[in-house]
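So you can see what is in the structure, the chains are spelled out below.
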Amino acid sequence: MMPFNLSAIQLAPLKLLDRKVTIPAAYVPGQNIPTDTPTPATEETTACVPRKDWAYRYVIQRGDNLATIAQKLNLRTADLQVGNCLINPVALIAGQTLHVPRPAPTPTLLPPTLTPTSIPAQTSMIGPNLCADTMRIYADDCTTIRWDVDNINAVYFEKQPTTGHNSQQVCPLDTITYTLLVQMLDGQQQTFPITIVVLSRG
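So, a few notes on the structure that sits alongside this text. (Residues numbered from 1 in each chain as written. Predicted model: local features only at pLDDT ≥ 70, side-chain atom pairs only at ≥ 80, totals over all residues. Heavy atoms only, no water.)

Under the definition given, this model contains 4 salt bridges. A salt bridge links Arg51 to Asp53; its shortest N-O distance comes to 2.7 Å. A residue is classified by how much of its surface remains accessible, and Arg51, at 37% relative accessible area, is partly exposed. (Salt bridge = Lys/Arg side-chain N within 4 Å of Asp/Glu carboxyl O. Buried < 20%, exposed > 50% of the residue type's maximum accessible area, 1.4 Å probe, protein only.)

So, on to the state of the cysteines. Considering all chains together, one arrives at 2 disulfides under this definition. Through a disulfide, Cys142 is tied to Cys171; the S-S separation comes to 1.7 Å. For the disulfide bridge between Cys142 and Cys171, the dihedral angle about the S-S bond is near 105°, and by the sign convention the bridge is right-handed. Taken as a pair, Cys142 in the loop between β4 (136-138) and β5 (143-148) and Cys171 in the loop between β8 (165-170) and β9 (176-184) lie far apart in primary sequence, 29 residues in all. Residue Cys142 is classed as partly exposed on the basis of its relative accessible area, which comes to 37%. Along the chain, the cysteines engaged in disulfide bonds are linked according to the scheme 1-2, 3-4 when indexed in sequence order. (Disulfide = S-S within 2.5 Å. Helix = DSSP H or I, 4+ residues; strand = E, 2+ residues; numbered from the N terminus.)

Before going further, it helps to examine helix α2 (residues 66-73). Here α2 has its buried residues at Leu66, Ile69, Ala70 and Leu73. Taken around the axis of α2, the buried residues stretch over an arc of 100°, which confines them to a single face. Taken together, the buried residues of α2 touch β1 (56-59), α3 (77-83) and β2 (97-100). Remark: Asn74 follows α2 within two positions and exhibits a positive phi of approximately 60°. (Arc of directions from axis to C-beta. Contact = heavy atoms within 4.5 Å.)

Counting through the fold element by element, Lys159 comes out in the loop between β6 (152-157) and β7 (160-162). For the pair Lys159 and Leu180, spaced 21 residues apart in sequence, the C-alpha separation works out to 7.9 Å.

Turning our eyes to something else, we now look at the sheet that holds β4. Taking strand neighbours across the sheet as the criterion, the 5 strands line up as β4-β10-β9-β6-β7 in an open arrangement whose pairing is mixed. The outermost strands of the open sheet, each flanked by one partner alone, are β4 and β7. Ignoring which end each strand starts from, the neighbouring axes of this sheet average 30° apart. (Pairing = 2+ DSSP bridges. Axes fitted to C-alpha atoms, helices over the stretch in contact; angles between N-to-C directions.)

Ordered in space as β3-β5-β8, the 3 strands form an open sheet in which the pairing is antiparallel. Looking along the sheet, the strands with just one partner apiece sit at the ends: β3 (131-132) and β8. In the sheet, β3 pairs with β5 via 2 bridges, with the strands oriented antiparallel. Directly across from Ala132, in β5, lies its bridge partner Ile145.

With 5 bridges connecting them, β6 and β9 associate as antiparallel partners. Opposite Val155, over in β9, you have Val182 as the bridge partner. In the sheet, β9 pairs with strand β10 (residues 189-199) via 8 bridges, with the strands oriented antiparallel. Residue pairing for β10: Thr179 is matched across the bridge by Pro193.

Once that is clear, we can look at unusual backbone geometry. A cis geometry characterises the amide bond from Gly127 onward to Pro128, with omega recorded as 10°. Residue position: Pro128 is located in the loop between β2 and β3. One non-glycine residue, Cys85, lies in positive phi territory at about 55°. For Asp140, which is not a glycine, the phi torsion comes out positive at approximately 75°. As for its position among the elements, Asp140 is in the loop between β4 and β5. Classification of Asp140 by relative accessible area gives exposed; the value is 66%.

Shown next as structure tokens:
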């Protein structure tokens, strides 16, 4: 806008105008500031402060998100976000701490499940529990010899192959010793005798 000459304007035929014209006062720098000019409002900003009444801290673990943390603490996700002044709740960093109102529950540790490989293998022989129904009989009577043996390679009764859990009826005419032969897992052999006494009827 071009400056104007105040003297020239005062000599202008302003009376011929159809309405009154008010000539503003000359502008002097630093003065003539209108008093009715609104002063720009200053926006007040208040810094967010995490909740000081939440005395506990939660250390963010790898894989955590705000929803899962809130669920552990029985809180609403929005309350946890506001209480920690989180602008971006998605940008959580492992190792970062959060203010929380209560400690996170400790997960219950279950005992490890035993697997067959967790139980040491039994390598020694169990048994043989060699016995007879009657150790003393009369001539022409019979008795049954029984045995129970485990963790072995083979079993022989009177040199005849048999199983680890078995029995044999015997009817000796005279006192006799029977033999149970057991072959161990390491290849060694061990014999177990049992004597049946035959009594005379006279």
